[in-house]
Amino acid sequence: MNFTKRTQQSEKIKIFMSFTNASEKAARESLEAFDWNVQSAVDGYFGGSIPSDNMNSHNSNPINYQYLSDVFEEYKDSDEDAILVEGTEKYCNDLEVDPTDVVMLVVAWHLNSERMCEFKRKDFIEGWATLGCDSLEKMKGVIPKLRAELDDENKFREIYQFTFKFSRSENQKSLPLDIAVPLWQLLFEGRYKHLDVWLQFVQENHGKAISKDTWNLFLDFVKSFPSDFSGHDMEGAWPVLIDEFVEYAQQH
């Protein structure tokens, strides 16, 4: 292999790695599989074809990973290969979305974010590519569709369950009450008639961190009794906390 070709391949490996955050070995193998075509190799690395039920299934325009990488670079931290708190605030501002808007939970879900205000390169690029967005304008344009996903019962459940894991501190099994309360408010505002009573109840009577079971069972309870508590059996399988809430709500 001559020097020029070796140099070109080395540059393509670097470009591939910057797009995907893959190892050098994975980059070389992917590029070799696609005859050193960077665009095709990146497409292949991120899964190639998009599933038919995906929002991008009707978008025939190929994703420009260079553009998408440029968006990531605009907001990434100077010391880590990730978008962190300051970058997230700037990113939300440019998306014209308040960082506390519930739609950012949907965005974080799609981008497979592991914790608040953190987007890793591979997840950011892969997530937005799957959504068919390779520019800030396209990302802004898809926000209404992402917001509408909260009205899909199955997707809401997935986003709700994701939120618990996403919002915990590292190595923490439960969610502090002072974090759970605003998240419940964010997710259920306008969606649950007794939300204010529930939040008042857990703050006055529970006062503890929220376990995963409590978090998930509350959604099940809301789905079972969306407007009133008729049919709720105090001797049933609901946890004591839910039974106590029903008694509390009926007195308020």
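Residues numbered from 1 in each chain as written. Predicted model: local features only at pLDDT ≥ 70, side-chain atom pairs only at ≥ 80, totals over all residues. Heavy atoms only, no water.

An unreviewed UniProt entry annotates the protein chain as Defective in cullin neddylation protein originating from Basidiobolus ranarum. If you open the UniProt record of the protein chain and go to Function (unreviewed entry), you find "Neddylation of cullins play an essential role in the regulation of SCF-type complexes activity." (UniProt positions renumbered as here; feature names shortened; annotations may be inferred.)

A.B. asks: Can you tell me about the state of the cysteines, naming the residues and giving the values?
C.D. replies: For the coordinates displayed, the defined rule picks out zero disulfides. Not engaged in a disulfide, the cysteine Cys92 finds its nearest cysteine sulfur in Cys117; these two sulfurs lie 7.5 Å apart. There is no disulfide at Cys133, and the cysteine sulfur nearest it, in Cys92, is 15 Å away. Here Cys133 falls in the buried class, since its relative accessible area comes to 2%. (Disulfide = S-S within 2.5 Å. Buried < 20%, exposed > 50% of the residue type's maximum accessible area, 1.4 Å probe, protein only.)

A.B. asks: Outline the UniProt feature "domain: DCUN1" (unreviewed entry) in the protein chain, supporting the account with residue identities and numerical values.
C.D. replies: Under the present numbering, the feature "domain: DCUN1" (unreviewed entry) in UniProt falls on residues 63–250. Strand forms 2% of residues 63–250 and helix 62%; the C-alpha atoms that close the span are 54 Å apart. (Helix = DSSP H or I, 4+ residues; strand = E, 2+ residues; numbered from the N terminus.)

A.B. asks: How would you summarise the packing of helix H10 (residues 177–188) against helix H12 (residues 212–224) if you had to cite specific residues and measurements?
C.D. replies: Between H10 and H12, whose axes approach to 13 Å, the crossing angle comes to 30°. Taken together, the axes of H10 and H12 lie roughly parallel to each other. Handedness of the H10/H12 crossing: right-handed. Where H10 abuts H12, its residues Ala180, Leu183, Trp184, Leu187 and Phe188 lie against Trp215, Phe218, Leu219 and Val222. Residue composition of the contact of H10 with H12, by class: nine nonpolar, no polar and no charged. (Axes fitted to C-alpha atoms, helices over the stretch in contact; angles between N-to-C directions. Parallel < 35°, antiparallel > 145°, perpendicular 65-115°, else oblique. Left-handed = near helix turned anticlockwise from the far one by under 90°. Contact = heavy atoms within 4.5 Å. Nonpolar A, V, L, I, M, F, W, Y, C, P; charged D, E, K, R; others polar.)

A.B. asks: Please give an account of the pattern of salt bridges that cites residues and values.
C.D. replies: For the structure on display, the rule yields 16 salt bridges. For Glu118, the salt bridge identified is with Arg115, shortest N-O distance 3.4 Å. Residue class for Glu118 comes out buried when judged on its relative accessible area of 14%. For Arg115, a relative accessible area of 26% corresponds to the partly exposed category. With its nearest N and O atoms 2.9 Å apart, the salt bridge here joins Asp134 to Lys138. We classify Lys138 as partly exposed; its relative accessible area is 35%. (Salt bridge = Lys/Arg side-chain N within 4 Å of Asp/Glu carboxyl O.)

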